[in-house]
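If you want the building blocks of each chain, they are given just below.
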Amino acid sequence: MITVCELEAAPRTLPGRPDRRPEHGVIRPRRLVERWGLDPDSLPGEEERHASWLELFFDLVFVLALAAVQSRLAEVVPDTGEILWTAGLFVIVYWAWVGQAFYDTRFDPDDLGHRLVVLAGMIGAGIMAIGAEDAPETRLLPVGYLVVRGTLLVLYLRVRGVGTTARRLTTVYLVGFGAGLLFWVASLAVPAHNRPLLWLIGLVVEVLTPWLGRRWLVQHPVHPSHLPERIGQFTIILLGISLTDLIDAVPTRPSPAAVVVALTGFLIPASIWWVYTTFVTVGLTTSRLSAGIGYATAHGVVGSALLLLGWCLGQAVREAGAGREHLPQMLRLLLAVSLASWMVGGLALQRIALGRVPALRIGIAAVGVGLLGAAALIPPPIVLVPLLALLMICYAAVASRLIVRVGEERVET
């Protein structure tokens, strides 16, 4: 005779549907359904996955947040303080987004509870977008961040009982991110000039969390195709912002110089897109992804470079449209730094993907960085931007070919 306890302990699956319990431990369906309203059958399996409609909708709010961060840079050439502020705000926005991406790539139970919590997090991202331009004077930025990160912790609580490895993973995030949030909460009670320090401490605590807890995170690895796709979509968003900067900078009746600078400026993000998509589509990202921490960190450097690049290209078009024959020295320097940072970030991504970077690729990047520095000495925008475009096209042609060759060698071995 079967007892009631034995019935409750038996795994439950819907008729005609396979048991989709993850391999990372034993699911407790009754406990999950009763305590957190989570249907275990809604958890994704190990099959090929792509971004969900909810994830794409989630990205739209962060487009607004990134645009608000970039607006911190004035129409004139910014000083060092404004540049640092913009870089810091980008890290905050990127870290808020990537936290959700790591959760989705491991769990993403597309049920009612998940959708409602994520929509609440989107409201927090919108509050961040509103408060980014006036931070730290306004409290909207920390309030929005608390909402985004708080909803993420709620999502981790929902999946805590999925299995043994999930329980360890959620413990890492709940403890580390929870500790970091305390500094964000404390920032609400201090004067405006003291808030950035508390934000920085809280952010450092959160960034160190996955590194310190890596031994437990690798036991429940990220999805090898889903996470690169999600971070790649974020990178495409940043390239889209660069194109928006170019279009918005073109005056209603553009001069020939402004047209030349805008058209050749388009070739720069196009070259970046060519190299990046080659790297992703060849499949190098899946070989050593593991917990995905290094991969996401390197993309933070790449992303900040792309955000700065878009603003610089827009400013170059405005300067050419205004009839100015010389770009300010700081603007030329920022153009070179943004492109050089992207090249170095590309090397870091290949190092993470393969564990090594061929000496030829390093040499080509070193030559590219040197040529960028030399090009930054040329003041006229109608000369500088086309020259940078030519340099980037050449770099894209060579680097993408090397990436394809590495991919072919990897397949052979």
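For clarity, every value in this text was computed on a predicted model and none was experimentally measured. Chains are numbered independently. Their residues run from 1 in the order of the written sequence. In keeping with the model being predicted, local features are shown solely for residues with a pLDDT of at least 70 and side-chain atom pairs are shown and tallied solely at 80 or more, while totals for entire chains, interfaces and linings include all residues. For the side-chain quantities, the full set of heavy atoms in the structure was used; hydrogens and water were omitted.

Draft legend 1. Region of interest: the confidence of the model for the protein chain. What pLDDT conveys is the predictor's confidence in a given residue, as a value from 0 to 100. Taken over all residues, the pLDDT of the protein chain has a mean of 86, while the share at 70 or more is 86%. Working rule for contacts: check all heavy atoms of both residues, and any pair within 4.5 Å makes them a contact. Below a pLDDT of 50 lies the segment residues 1-29, which in the model reaches 43 contacts outside its immediate sequence neighbourhood of four places, other chains included.

Draft legend 2. Quick look at the packing of helix H3 (residues 53-70) against helix H5 (residues 112-132). At a closest axis distance of 7 Å, the pairing of H3 and H5 adopts a crossing angle of 10°. Comparing the axis directions of H3 and H5 gives the class roughly parallel. Within the contact between the two elements, H3 uses Leu54, Phe57, Phe58, Val61, Phe62, Leu64, Ala65, Ala68 and Val69 and H5 uses His114, Arg115, Val118, Leu119, Met122, Ala125, Gly126, Ala129 and Ala132. Polar here means any residue outside two lists: the nonpolar Ala, Val, Leu, Ile, Met, Phe, Trp, Tyr, Cys and Pro, and the charged Asp, Glu, Lys and Arg; Gly therefore counts as polar. Partitioning the contact of H3 with H5 into residue classes produces 15 nonpolar, two polar and one charged. For helices, the axis comes from a line fit to the C-alpha atoms of the stretch in contact; other axes are also lines fit to C-alpha atoms, and the angle between any two N-to-C directions lies between 0 and 180 degrees. Helix and strand definitions follow DSSP, with helices as H or I runs of at least four residues and strands as E runs of at least two, each counted in order from the N terminus. Note on angle classes: values under 35 degrees are labelled roughly parallel, values over 145 roughly antiparallel, values of 65 to 115 roughly perpendicular, and the remainder oblique.

Draft legend 3. Spotlight on the pattern of salt bridges. By convention in these notes, a salt bridge is any Lys or Arg side-chain nitrogen within 4 Å of a carboxyl oxygen on Asp or Glu. Scanning all chains against the criterion turns up six salt bridges. Taking the shortest distance from any N to any O, the salt bridge between Asp110 and Arg115 comes out at 2.9 Å. For the exposure calls, accessible area comes from a 1.4 Å probe over protein chains only, and a residue counts as buried if that area is under 20% of its type's maximum, exposed if over 50%, partly exposed in between. Owing to a relative accessible area of 42%, Arg115 belongs among the partly exposed residues under this scheme. One salt-bridge network, in which partners are shared between bridges, spans Glu55, Asp59 and Arg230.

Draft legend 4. Inspection of the packing of aromatic side chains at higher detail. Here is the rule: rings of Phe, Tyr and Trp (six-membered ring for Trp) pair when centre to centre is within 6.5 Å. Planes less than 30 degrees apart are stacked, more than 60 are edge-to-face, and the remainder are tilted. With the rule as written, the count across this model stands at 15 aromatic pairs. When the ring of Phe58 is compared with that of Phe62, the centres are 4.9 Å apart and the planes differ by 45°; the resulting orientation is tilted. In this pair, Phe58 and Phe62 are both assigned in helix H3, four residues apart and thus about one turn of the helix distant. On the basis of relative accessible area, Phe58 is assigned to the buried category, the value being 4%. Arranged with centres 4.6 Å apart and planes meeting at 35°, the rings of Trp97 and Phe234 form a pair that is tilted. Taken together, the residues Trp97 in helix H4 (residues 80-106) and Phe234 in helix H10 (residues 226-249) connect sequence positions 137 residues apart. With respect to burial, Trp97 and Phe234 carry one shared label: buried. Over the aromatic face of Trp85 sits the side chain of Arg72, whose NZ or CZ is 5.1 Å from the ring centroid. As a reminder, the over-ring test applies to NZ of lysine and CZ of arginine, requiring each to be within 6 Å of the ring centre and within 35 degrees of the ring normal.

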